Each structure stands twice: as structure tokens, then as C-alpha cells.
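Report on the structure
If you want the building blocks of each chain, they are given just below.
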Amino acid sequence: MAGKALIVVDVQNDFCPGGALAVADGDAIVPGINAILGDYDVVVFTQDWHPAGHSSFASQHPGRAPMEMTEMPYGPQVLWPDHCVQGSHGAAFHPDLDVDRAELIIRKGFRRAIDSYSAFFENDHETPTGLEGYLRTRGVEALDMVGLATDFCVQYSALDAARLGFSVRVLEGLCRGIDLDGSLDAARKAMRTAGVELG
Ligand code: VGL
Ligand code: ZN
């Protein structure tokens, strides 16, 4: 029987109010996520997990400020405030999130020289995280995605999943976005165009 997975993206302290890269209302999705964890055959959480001094941090680019763009060997990259540093409080999951229900926690962004928004591939779009193989060997064909941020890690994960042939739905009510220069609208359009259902 084809299985259905829930992918819970980056519900971590740094993306919640008070965190280093806070998404407005980011913590508001936690109770709703906890409430649906039992509805799936497979539950995967992702965790943004950067070494100190990660190349996506504006602090590593003299004279540059957070939220500015730069060029990396793999393409354009937003420069972020330092966030989700491995082992820090900011990198920990929101304290109310029912992490015990996660069957797999996939960590990403752990290579200093490359960012990784997607749960499937790093930002070069070719270095795999291993999640595809995990889901396929567990018989998963359909994915629902929730979490933070809609227009970055959720969007990149959804687009990769659709490209890999999974049936993908993003539960927008259980996501919140950063919305940098219209990135939320752009993300919605890109996801719809790719055949991702916005539910
Ligand atoms: C994210 C920016 C940087 C996300 C992660 O989880 O959407 N955004 N790192
Ligand atoms: Zn990050």
C-alpha cells in the first residue's frame, strides 16, 4: 500500500519569535502540527543545522548585511543572520513540538560552503540528503509538508519532491513565511506551476 508522509520543516527556536531569524507567528503552527502527526504512515522532521561560521551567514562576508544577496559557486544566495548553529538553543526544536513522534530527523546545511534549504538536495540542486531513498524504501508516494519558512525551506523541499515524482501538498495553514521582496507570492506561484497542491 502506498504510504503517506508528513514532512515537518525546520520548526526550530531560531525561526520562531525571539529567535535569530524569526518568522512572524512561526510558533503559532506548533499545536496544529502536533494534532496531525498521528494521521501519517511516516513522519519526518527536518532540522537546519549549520556549523559556526557557515558561508550563508552575513557575518562571514565583510561589509555585507543580513538579507542581502550574494553569489556563491552554486548560484545566488541570501545572506542570513547567524542561525541554527549546531547544538545551540536556536537550533533546537520548538519546546512544544512533539519531537518524540519523529521517525527520522534529517539535518541539513551542515557543510560550511553550501546552504541547504531543501530536505532533498543542497542548494547546488545535486548533493542529496538521503531523504528520497528513505521515503522510497518506506513505500511513500505522497507527502504533506508543513513548517518554516513557506518561501524558503518548505518551498524548496516541495519543488524537489514534485520533481522527484512524489505527490505533494503544502498545508499552508501550518506554514509561515519570511516574505523577502515578494518571495511568498513567488513561492506560491512556483509551487502551483510545479503541480504542488496548496491545501
Ligand atoms: C531557512 C533561511 C535559512 C528555512 C533556513 O528554514 O526556511 N531559511 N535557513
Ligand atoms: Zn539556514
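Quick summary incoming for the structure in this document. (Residues numbered from 1 in each chain as written. Chains lettered and ligands numbered in written order. Predicted model: local features only at pLDDT ≥ 70, side-chain atom pairs only at ≥ 80, totals over all residues. Heavy atoms only, no water.)

1. Some details on the site of ligand 1
The environment of ligand 1 is formed by D10, F15, L21, D48, W80, H83, L148, A149, F152 and C153. Backbone polar atom of A149 to an oxygen atom of ligand 1: 3.0 Å apart, as the coordinates give it. At 3.0 Å, a backbone N or O of C153 approaches an oxygen atom of ligand 1. Alone, ligand 1 offers 260 Å² of accessible surface; in the complex the protein occludes 100% of this. Of the residues that constitute the shell around ligand 1, the class distribution is 7 nonpolar, 1 polar and 2 charged. (Near = heavy atom within 4 Å. Polar contact = N/O pair within 3.5 Å; in protein donor to acceptor, adjacent residues only side chain to side chain. Areas by Shrake-Rupley, 256 points an atom, 1.4 Å probe, with all protein chains shown as cover. Nonpolar A, V, L, I, M, F, W, Y, C, P; charged D, E, K, R; others polar.)

2. Points about helix α3 (residues 150–163)
Of all 14 residues that make up α3, 10 are buried, and the element is covered over most of its length. Turning to α3, its buried residues number three or more, namely T150, D151, F152, C153, V154, Q155, S157, A158, D160 and A161. Summarising the contacts, the buried residues of α3 are in contact with β1 (3–9), β4 (75–78), β5 (104–108), β6 (140–148), β7 (167–176) and α4 (183–193). Just downstream of α3 lies G165, where phi reads positive at about 100 degrees. (Buried < 20%, exposed > 50% of the residue type's maximum accessible area, 1.4 Å probe, protein only. Helix = DSSP H or I, 4+ residues; strand = E, 2+ residues; numbered from the N terminus. Contact = heavy atoms within 4.5 Å.)

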